[in-house]
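Fold and contact review
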Amino acid sequence: MTRMFLRRAVLAVLLMLAATALTFALVTAAPGNVAALIAERAAGAGADGAMIKRISHELGLDDPLPVRYFHWLGKTASGDFGTSLRTGKLMTAEFAERIPVTATLLTGGGALAFFMSLGLGLWGAVSNGGIVDRILHGVALVGASTPNFFVAAMLVIIFAVGLRWVPSFGVSGPASWVLPWLTIALFPASVLSRVIRVNLQDAMSRPFATTGFAKGLSRRDVLLREALPNIAIPFITTFGAQFTLMIIGAIVVERVFGLNGIGAFFIEAIRFRDFVGMQAVLTLFVIFFVSVNLLVDLIAMLADPRLRRLRRA
Amino acid sequence: MQIGKLPWAILAPAIIFVLIGVFAPLLMTHDTAHQDYGALLQGPSLSHWLGTDYLGRDMWSRIIGGARTSLVAMVFVLAAALFMGVVIGSLAGYIGGATELVLISAIDIMLALPSLIIALALIGVFSGENFAWISDYWKMILALTVAWWANYARMSRAVVVSELQQPYIEAARVMGASHLWIFTRHILPHVLGLVVVYASADAGALVLAIATLSFLGLGVAPPTPEWGQMLVDGMSYIEEYPSLVIIPGFALTLVVVSFNLMGEAFALQKVPRAVRGNFLRKRKAERAGEEIARASVEAHP
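So, how was this worked out
Residues numbered from 1 in each chain as written. Chains lettered and ligands numbered in written order. Predicted model: local features only at pLDDT ≥ 70, side-chain atom pairs only at ≥ 80, totals over all residues. Heavy atoms only, no water. Patch = residues over 30% accessible without salt bridge, like charges linked within 9 Å, V, L, I, M, F, W, Y side chains within 5 Å. Areas by Shrake-Rupley, 256 points an atom, 1.4 Å probe, with all protein chains shown as cover. Salt bridge = Lys/Arg side-chain N within 4 Å of Asp/Glu carboxyl O. Helix = DSSP H or I, 4+ residues; strand = E, 2+ residues; numbered from the N terminus. Contact = heavy atoms within 4.5 Å. Buried area = accessible area lost by both parts, 1.4 Å probe. Polar contact = N/O pair within 3.5 Å; in protein donor to acceptor, adjacent residues only side chain to side chain. Nonpolar A, V, L, I, M, F, W, Y, C, P; charged D, E, K, R; others polar. 1 Å grid on protein atoms, 1.4 Å probe; cavity = no way out; pocket = protein on both sides within 12 Å on 5 of 7 lines; lining within 4 Å. Points joined across faces, edges and corners; volume = space filled by probe spheres on them. Domains from an automatic or database assignment. Buried < 20%, exposed > 50% of the residue type's maximum accessible area, 1.4 Å probe, protein only.

All names here are of chain B. A surface patch of nonpolar side chains, amounting to about 710 Å² of accessible area, comprises W8, I15, V18, L19, V22, F23, L26 and L27. Elements represented by at least two residues in the nonpolar patch include exactly α1 (8-22) and α2 (24-27). Top element by residues in the nonpolar patch is α1. It accounts for 5 residues.

Next comes the structure, spelled out in structure tokens:
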């Protein structure tokens, strides 16, 4: 188990290195003259060739790319993400300010998606082909197809503009998180409820379910006691995938609701050609994606002994 | 392929969207960019079927124009991503060895990150002055293509590898067929059969991605009508004129639902290559039969 997990961890680190090297090569090589950009921001139109050259040398921009990557890697590993070209603040300070917002969004949305999908999937399975099952299927299809910015807009129109229950913009108390959480949770909840429903259906046709019925258990008991534990693995892996996808939801939701999170910063960085900010956020994203996947692997291994066996390739 | 036996009910909504996009100029009643300051934010009327927006532009014409914009962008991206994916995936599968390892690693890195994040990162990269000569529209197309090919490449490779193990390939080789002949005559049809169907079902996700990028202000720029961008424009008027948000959002949702419906139908087939109605109907009947049998067993354990 430990060896198996260590192997996955090593692979994850390799993936992180490869992905950051790729983003570094793209983001730092592509923009043209970053030094000119910085000089222009610092001195306005008065930036001359000597100043650009000095900045370029100071930042090590005249070194070959691999040298610059390892230099950057060393700095990043020691927690130095550079200074944002747009806000002029240290990226670590930006992160300290913004990560809590995005983290609250993702945790709340993730928890909501978890319980919503479990509830709806089970409800559908209990109904099994009945009217509730079919309605839930339709709801899941629409939920997985509606763009999250439209979901956000509709929620604002109904609950903030129409009923005036919650504020439509910014953060002011816990109530202002309700709409963002709902928005971000709808898509993963829709997809997950289908995954649960389909896998439950599959599990119910397995011999162990028949054995359950033979022992005299009711359909509900077989569903909850025999079938449900057996769908844990597909549920966990899909949940992990959907949880990483929620970053996209967070980007959109932060813009719609005016939340100052990482996603909003990323979009601003792209618009204002803040390449340092972009690189820092992308690194953060890569770390997030890879570690969530690793965590999912670990949980799956803990849950299912079959996955712990070391397969020799 | 028998035309009469296609699952029309499932294909119809997506086909209607394509037709609206193709015949958009005939359906539009006004110029999409024409601003009429005498008719700002009007409700539906005989001359403006869905009313006007905050610049007095006709909503109906803009919705139709938006369908065309989405369709054209989607077709560009899908075609380019398919081509790229099939070429890279087939090369990886056919050549094997070190080439395969390198290409697969590239595919895996791409697949480790969500496509839209890759697209956003690339649009960021393209915002540099080295790329100033490309318009925003083509930057979006390019970014989405690069973000989208990896999945098709993975599928193409899998098909190539499994086909290469078939005895008929060996037979062709023994008969002296060249690599190019074997690939184009025997393997490519299998690859395209699977990947094209998958891509058509994937179109919904792509329409969504285009709209999301435009919504974030990083895709289709005004005055070209685009649903995501219309929606974000309407957000400022959400309190008094929610229809400016609801109409484009509804259009977008309808299109994505149509494509996802198609995708779900294909997924249910398990044999994505056969869109042939006969086969499809038979499979469905079989499945329904199994379903009923199981339900009756479950009802009386």
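Having put the structure on the table, let's press on.
Counting residues at the interface gives 45 residues for chain B, matched by 51 residues for chain A. For the pair chain B and chain A, the summed buried surface comes to about 4,100 Å²; carbon and sulfur atoms form 75% of the total. Here chain B and chain A share 2 residue pairs in polar contact (both at pLDDT 80 or more) between them. Elements that contribute at least two residues to the side of chain B that touches chain A include exactly α4 (97-112), α5 (115-126), α8 (179-215), α9 (227-234), α10 (243-269) and α11 (277-299) of chain B. For the side of chain B that touches chain A, the leading source of residues is α10 of chain B, giving 11 residues. Looking at side-chain class alone, the side of chain B that touches chain A contains 29 nonpolar, 10 polar and 6 charged residues.

All names here are of chain B. Summed over all chains, the structure comprises 3 cavities of 30 Å³ or more. A volume near 60 Å³ is recorded for the largest cavity. In terms of lining, the largest cavity is formed by D53, Y54, R57, M59, R62, M230, D233, G234 and L244. Elements represented by at least two residues in the lining of the largest cavity include exactly α3 (59-95) and α9. Counting residues per element, the lining of the largest cavity draws most heavily on α9, at 3 residues. Among the residues forming the lining of the largest cavity, the class breakdown is 4 nonpolar, 1 polar and 4 charged.

Residues and elements named next belong to chain A. As assigned here, chain A comprises domain 1 (2-77) and domain 2 (98-312). Tallying the contact residues gives 20 residues for domain 1 and 20 residues for domain 2. In this assembly, domain 1 packs against domain 2 so that about 1,800 Å² is buried in total across both faces, 74% of it on carbon and sulfur atoms. Considering only the side of domain 1, the residues that lose the most area to domain 2 are M4, F5 and V27, jointly responsible for 30% of the buried surface there. Counting across the interface, domain 1 meets domain 2 through 1 salt bridge. Between R8 and D297 there is a salt bridge, with the nearest N and O atoms lying 3.2 Å from each other. Where domain 1 meets domain 2, there are 1 residue pair in polar contact (both at pLDDT 80 or more). Broken down by element, the side of domain 1 that touches domain 2 gets its largest block of residues, 14 residues, from helix α1 (residues 2-29).

It is worth spelling out α9 of chain B at this point. All names here are of chain B. Among the 8 residues in α9, 6 count as buried, and that is most of the element. What α9 keeps buried is the set W227, G228, Q229, M230, L231 and G234. The backbone nitrogen of G228 has a side-chain oxygen 2.6 Å away, supplied by the residue at the start of α9, namely E226.

This part is about the environment of W72 of chain A. Residues and elements named next belong to chain A. One can find W72 in helix α4 (residues 65-77). The buried category is assigned to W72, whose relative accessible area is 14%. With 51 residues separating them in the primary sequence, W72 and A21 have C-alpha atoms 9.9 Å apart. Excluding residues within four positions of it along the chain, W72 makes contact with T20, F24, Q279 and T283.

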